[in-house]
Amino acid sequence: MALLVAGGFGSYADETNQPGPSGSGSTDIPPVILPDKGKRRSRPLNTIRCEHGSGFISLALPAGVQSASFTLSYGDDPLYYGVYLASDRYVSIPDLSGEITIEITADNGSVYAGILNF
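First things first, this report covers the structure right here in the doc.

The rules behind the values
- Residues numbered from 1 in each chain as written.
- Predicted model: local features only at pLDDT ≥ 70, side-chain atom pairs only at ≥ 80, totals over all residues.
- Heavy atoms only, no water.
- Pairing = 2+ DSSP bridges.
- Helix = DSSP H or I, 4+ residues; strand = E, 2+ residues; numbered from the N terminus.
- Contact = heavy atoms within 4.5 Å.
- Salt bridge = Lys/Arg side-chain N within 4 Å of Asp/Glu carboxyl O.
- Buried < 20%, exposed > 50% of the residue type's maximum accessible area, 1.4 Å probe, protein only.
- Phe/Tyr/Trp six-rings, centres within 6.5 Å; stacked < 30°, edge-to-face > 60°.

1. Re the pairing of strand β5 (residues 67-74)
- Across eight bridges, β5 lies against strand β6 (residues 77-85) in antiparallel orientation. Note on β6: the bridge partner recorded for Ser 67 is Leu 85.
- Two successive antiparallel strands, β5 and β6, enclose a turn made up of two residues, where Gly 75 displays a positive phi of approximately 65 degrees.
- Direction of pairing for β5 relative to strand β8 (residues 99-106): antiparallel, over a ladder of six bridges. If you follow Thr 71 over to β8, its bridge partner there is Glu 103.

2. So, the side chain of Ser 73
- Its place among the elements puts Ser 73 in strand β5.
- If we ignore the near neighbours within four places in the chain, the residues touching Ser 73 are Pro 78, Leu 79, Ile 100 and Thr 101.

3. Remarks on the pattern of salt bridges
- All chains considered together, the criterion is met by two salt bridges.
- A salt bridge links Arg 49 to Glu 51; the shortest N-O distance between them is 4.0 Å.
- Looking at Arg 49, the relative accessible area reads 35%, which means it is partly exposed.
- Bridged by salt links that share partners, the residues Asp 28, Arg 49 and Glu 51 form one connected network.

4. Notes on the sheet that holds strand β4 (residues 56-60)
- The four strands are arranged β2-β3-β4-β7 in an open sheet whose pairing can be described as antiparallel. Lying at the two open borders of the sheet, with one neighbouring strand each, are β2 (25-29) and β7 (91-92).
- Bridge count between strand β3 (residues 48-53) and β4: five bridges; the pairing is antiparallel. Each bridged residue has a counterpart across the sheet, and for Cys 50 the counterpart in β4 is Leu 59.

5. Details of the packing of aromatic side chains
- Counted under the stated rule, the structure contains two aromatic pairs.
- The interplanar angle of 80 degrees and the centroid separation of 5.9 Å between the aromatic rings of Phe 56 and Tyr 90 together place this pair among those described as edge-to-face. Taken as a pair, Phe 56 in strand β4 and Tyr 90 in the loop between β6 and β7 lie far apart in primary sequence, 34 residues in all. Residues Phe 56 and Tyr 90 agree in their burial class; the two are buried.
- Arranged with centres 6.0 Å apart and planes meeting at 40 degrees, the rings of Phe 70 and Tyr 80 form a pair that is tilted. Of this pair, Phe 70 sits in strand β5 while Tyr 80 is found in strand β6, placing the two residues ten residues apart along the sequence.

What follows is the structure, encoded as structure tokens:
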């Protein structure tokens, strides 16, 4: 499978700043707690709300987070990589179907992962 990569920051943001297309699903993406060699790390207490549908994705980033990179995968095969800015209403993605894994890395280093059903 080919990996699609989104160009620069916000390049897929809708210029009219309108909500994404209809027919969307919604999923709360929880934080990933990575093992830390004896150091105590603060755990992100929030989730990232993800609205998704045919050809688009929208993320409700936590307070203080201005951007996040995300990867959409089918199993172990990455399908798409993109960047989401807090100012984006949604970003365009390829039309996907089935169970897709999303991994989100916020600009503060927090990592979130979950499953989206398209």
